[in-house]
There are 2 protein chains.
Amino acid sequence: MDFVTGKKEKKTLELSDLIREDMEGKEVRVNGAVHSIRNMGDIAFLILRRRDGIIQTVFEKGITQADFSGIREETFIEVWGVLKKEERAPHGIEIRLEGVRILSEPQEPMPVAVSKWKMGASLEARLDMRPLTLRNLRERAKFRIQEGIVRAFREYLQKEGFTEIHSPKIGARAAEGGANLFRLEYFHHPAVLAQSPQFYKQMMTAVFDRVMEVGPVFRAEKHNTKRHLNEYTSLDFEMAYIDDFTDICGMETGFLQYMISLLKRDYEKELELLKVELPSADRIPSVPFAQAKKLVSEKYGTPIRNPYDLDPEEEQRIGRYFKEEYGADFVFVTHYPSKKRPFYAMDDPDDVSVTKSFDLLFRGLEVTTGGQRIHSYPELMKKIEKRGMSTEGMEDYLSAFRHGMPPHGGLGIGLERMTAQLLGEENVRETCLFPRDLGRLVP
Amino acid sequence: MDFVTGKKEKKTLELSDLIREDMEGKEVRVNGAVHSIRNMGDIAFLILRRRDGIIQTVFEKGITQADFSGIREETFIEVWGVLKKEERAPHGIEIRLEGVRILSEPQEPMPVAVSKWKMGASLEARLDMRPLTLRNLRERAKFRIQEGIVRAFREYLQKEGFTEIHSPKIGARAAEGGANLFRLEYFHHPAVLAQSPQFYKQMMTAVFDRVMEVGPVFRAEKHNTKRHLNEYTSLDFEMAYIDDFTDICGMETGFLQYMISLLKRDYEKELELLKVELPSADRIPSVPFAQAKKLVSEKYGTPIRNPYDLDPEEEQRIGRYFKEEYGADFVFVTHYPSKKRPFYAMDDPDDVSVTKSFDLLFRGLEVTTGGQRIHSYPELMKKIEKRGMSTEGMEDYLSAFRHGMPPHGGLGIGLERMTAQLLGEENVRETCLFPRDLGRLVP
């Protein structure tokens, strides 16, 4: 009988092995994709692309025992040879090739210059060829940083006692409203895709006190803007025993501080590659909605058109104001008008026209919506009645409240928006692996 | 201007604070849900349920300054009093209450005995009232252990150089076949829900070499069995530069070993609560499909009915065989017949009727399907042609192969099945927070 006892050890090395001081002059073996080729005649530089970085290898006619004509960009190879220090090469090393084994060959050359620093293709073109264009070093680096954001979210909250949950994405009814829902048939029953894990994460605060979820959410909004996607990844948390929404702001600030230090520690290469300037989250200004409107209206001489909502330009101006006045990249805008928040948002007893809620703006874009929720069943029913809403389809949600729920609140962070703002990307499609929008369902 | 500088500090303590040696006799403050009440007349024991465990508190008439009549099961409270050692209480401590603040009150008593060790309700009834029944200590413990499995998956693979991705769940076409797909309308275009991240994770091996994803998958299968869900959480990985499928088995074995040690370390309380006997993954037998069939047929005298597939009873017998013969909880069954595997599975050149693939059985149930994939474009096209398949809707996938793909393979693990087998649950619905099946779309 054969037995599997663990991970198989390989003869091929990692970049972290190759850059060790004692490797100079040693025979090494490594694999990678031929990312680019600089052919100088008798000598050719093959740049290998690997998950951990790029490696310069040198193909020498008459020395390297391999057929150069079989090697093109996007040929996947295993190579061996002697490691040499070379200041001008990435990581200060290169491999003088003795042999090359071809693992897999492309049939066609790339339709875009994936190996170039900037591909020189439009966003639409890059998205159309996403499985290919993601091989570009800058493109893929964005999603390494995105991974870092998600890791930070989970690691930080896990340390704070949050339990990770997986709520269903297919449901019978919607958490809020019904206009923006994708509908489907579920074994002859009408069903919808979840536009948020809101109801589930709230109900779970009575089970685990603190819960988080990272998952897809679906919004059938007919917006075609730089800030909207119809499917995106939402970072959600919900926590019990809060005094008010400022507990949520505090927890988010803690996460942001942890995220920044984790990115600095583990994603330095990618930050450098993309020239990312990390923000500071040490001191995040917090300003009530109405005051924020007034401040920017006065400073920039812009009229207040809609007292109940912020338009994108107004968010940008608020971002600009707090950058100029306080050097802040983030700002909590609090006490949003009740009429613009969902029914479960807790009204402020001091002024019931506003809620105990907030948005977080990051460099002038809303990246988080959060707040305290109503936990009292009578209060919840009062609000539902006041809004003239039907409770149909909310039976389970309301049952949880009828049987007791802790004071609680939480937030949702749009992962693609957070990544875009961090990287200085203007379009949220840049930071979604395979975006879904009004006109895009592939690749 | 107000500033948020980090997580807010609270006066209430955590269980880890309370059990410190130096806390005896100290005034403490803690919050929780009233999980159960034992009323002895002048004295009443309130057991508080918190995320970190349960705490015994003692309400004494005339001493505790609070109205006992306002306190019921599922009242959420903050309490303060003096901490005393008490051997018979959970964690060896209790709090003699001085005061109680009611945070939130239930309107109705629980419809099931959530505070009991075993609720004595049918699975259907428990699922119907899931937001309530999850408050039961045993029920919630299952999902803590499930969290541990997911953490282990990500932590282990991250250390092995895997990048976490988020692939879209709405798509234009299916990864494989079309029979089991949920269909929806996407802005007047026909769309489907992803039954697997298969194509995306494969394409991403050319970008990051190693990728993983934890996310929902959707299967419109009309099975109503103890082992099927129509929406479940899939743990997927895919890795490049493999020699063959045994690299994938090795990586999975490494993950399982890590998972077992992480659960032992961080989820001891829950394992004990549920009396879980952790399996060993030190040495996992690996047996070809045809041989496995033969072995159990011979040992148990059962006929081989279908030479191309394993039925559930056969899987159980294979599990039993390897437990009896080798003391093994896991077994890799390899070389599945080609006709039962998807087109992208790599055939074994030594016998093209079987594939370089495997399932992992855990205590007699398939919890993983994996294998090496075809990476050569001509090979892939040959297989597609041989099967008489259309390439419609696979343009992007095939384009990635035309432009070069590394040798690669991967697997998908059903999270709910893995959890169920670990906990000894017979029905996979027990280990899904809010299951979706043929008849269940709520809660």
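Residues numbered from 1 in each chain as written. Chains lettered and ligands numbered in written order. Predicted model: local features only at pLDDT ≥ 70, side-chain atom pairs only at ≥ 80, totals over all residues.

A. Layout of the overall build of chain A. If you tally the helices and strands in chain A, you get twelve helices and 19 strands. Structurally, chain A occupies a C-alpha span of about 85 × 65 × 40 Å along its principal axes. Sorting the 443 residues of chain A into buried and exposed places 50% on the buried side. Considering only intrachain contacts with a sequence separation of at least 6, the fraction spanning at least 24 residues in chain A is 65%. (Helix = DSSP H or I, 4+ residues; strand = E, 2+ residues; numbered from the N terminus. Buried ≥ 20, exposed ≤ 12 C-beta atoms within 10 Å, placed from the backbone. Contact = placed C-beta atoms within 7 Å.)

B. Geometry of the interface of chain A and chain B. Listed by partner, the interface residues are 97 residues for chain A and 97 residues for chain B. Looking at the side of chain A that touches chain B, the element that brings in the most residues is helix 6 (residues 246-266) of chain A, giving eight residues. Tallied by class, the residues present in the side of chain A that touches chain B amount to 47 nonpolar, 25 polar and 25 charged. Pairing analysis gives three bridges linking strand 1 (residues 2-4) of chain A to strand 13 (residues 284-288) of chain B, with the strands arranged antiparallel. Residue pairing for strand 13 of chain B: F3 of chain A is matched across the bridge by P285 of chain B. (Nonpolar A, V, L, I, M, F, W, Y, C, P; charged D, E, K, R; others polar. Pairing = 2+ DSSP bridges.)

C. Main features of the sheet that holds strand 6 (residues 93-104) of chain A. Residue and element names in this part refer to chain A. Strands sit in the order 2-3-4-6-5 around a closed barrel of five strands; the barrel is mixed. Averaged over all pairs of adjacent strands, the angle between strand axes in this sheet comes to 55 degrees, irrespective of strand direction. Here strand 5 (residues 76-85) runs beside strand 6; their pairing, made up of ten bridges, is antiparallel. If you follow K84 over to strand 6, its bridge partner there is E94. (Axes fitted to C-alpha atoms, helices over the stretch in contact; angles between N-to-C directions.)

D. Representation of the environment of M418 of chain A in the model. All names here are of chain A. Of note, M418 is situated in helix 12 (residues 415-423). Between the C-alpha atom of M418 and that of G404, which follows or precedes it by 14 residues, the distance is 35 Å. Every residue in contact with M418, bar those within four places of it in the chain, is listed here: I149, F362, V367 and I413.

E. Quick peek at the sheet that holds strand 6 (residues 93-104) of chain B. All names here are of chain B. Within the closed barrel, the five strands sit side by side as 2-3-4-6-5. Their pairing is mixed. Direction aside, neighbouring strands of the sheet carry axes that sit 55 degrees apart on average. With three bridges connecting them, strand 4 (residues 53-60) and strand 6 associate as parallel partners. Paired with Q56 across the bridge in strand 6 is E94.

F. Region of the structure containing the relation of the copies chain A and chain B. Least-squares fitting of chain A to chain B yields an RMSD of 0.0 Å, with the superposition described by an axial translation of 0.0 Å and a rotation of 180 degrees. Interpreted geometrically, this transformation is the action of a two-fold axis. The C-alpha atom lying nearest the rotation axis in chain A is that of L184 of chain A; the distance is 2.4 Å. Take the interface residues of chain A: 100% of them recur as interface residues in chain B, which is what a same-surface contact looks like. (Least-squares fit on C-alpha atoms with pLDDT ≥ 70 in both.)

G. Molecular detail of the pairing of strand 9 (residues 183-186) of chain B. Residue and element names in this part refer to chain B. Burial along strand 9 is one-sided: the face carrying L184 and Y186 is buried and the face carrying R183 and E185 is not. Pairing geometry for strand 9 and strand 10 (residues 189-193), over four bridges, is antiparallel. For E185, the partnering residue across the bridge sits in strand 10 and is P190. Joining the antiparallel neighbours strand 9 and strand 10 is a turn of two residues, in which F187 adopts a positive phi near 45 degrees.

H. Molecular detail of the packing of helix 4 (residues 137-159) of chain B against helix 6 (residues 245-266) of chain B. Residues and elements named next belong to chain B. For the pair helix 4 and helix 6, the least separation of the axes is 9 Å and the interaxial angle reads 130 degrees. Of the possible angle classes, the one that applies to helix 4 and helix 6 is oblique. Here helix 4 runs over helix 6; the crossing is right-handed. Of the residues in helix 6, those touching helix 4 at I145, G148, I149, R151, A152, F153, Y156 and L157 are G254, F255, Y258, M259, L262, L263 and D266. Its residues assigned to classes, the contact of helix 4 with helix 6 comprises eleven nonpolar, two polar and two charged. (Parallel < 35°, antiparallel > 145°, perpendicular 65-115°, else oblique. Left-handed = near helix turned anticlockwise from the far one by under 90°.)

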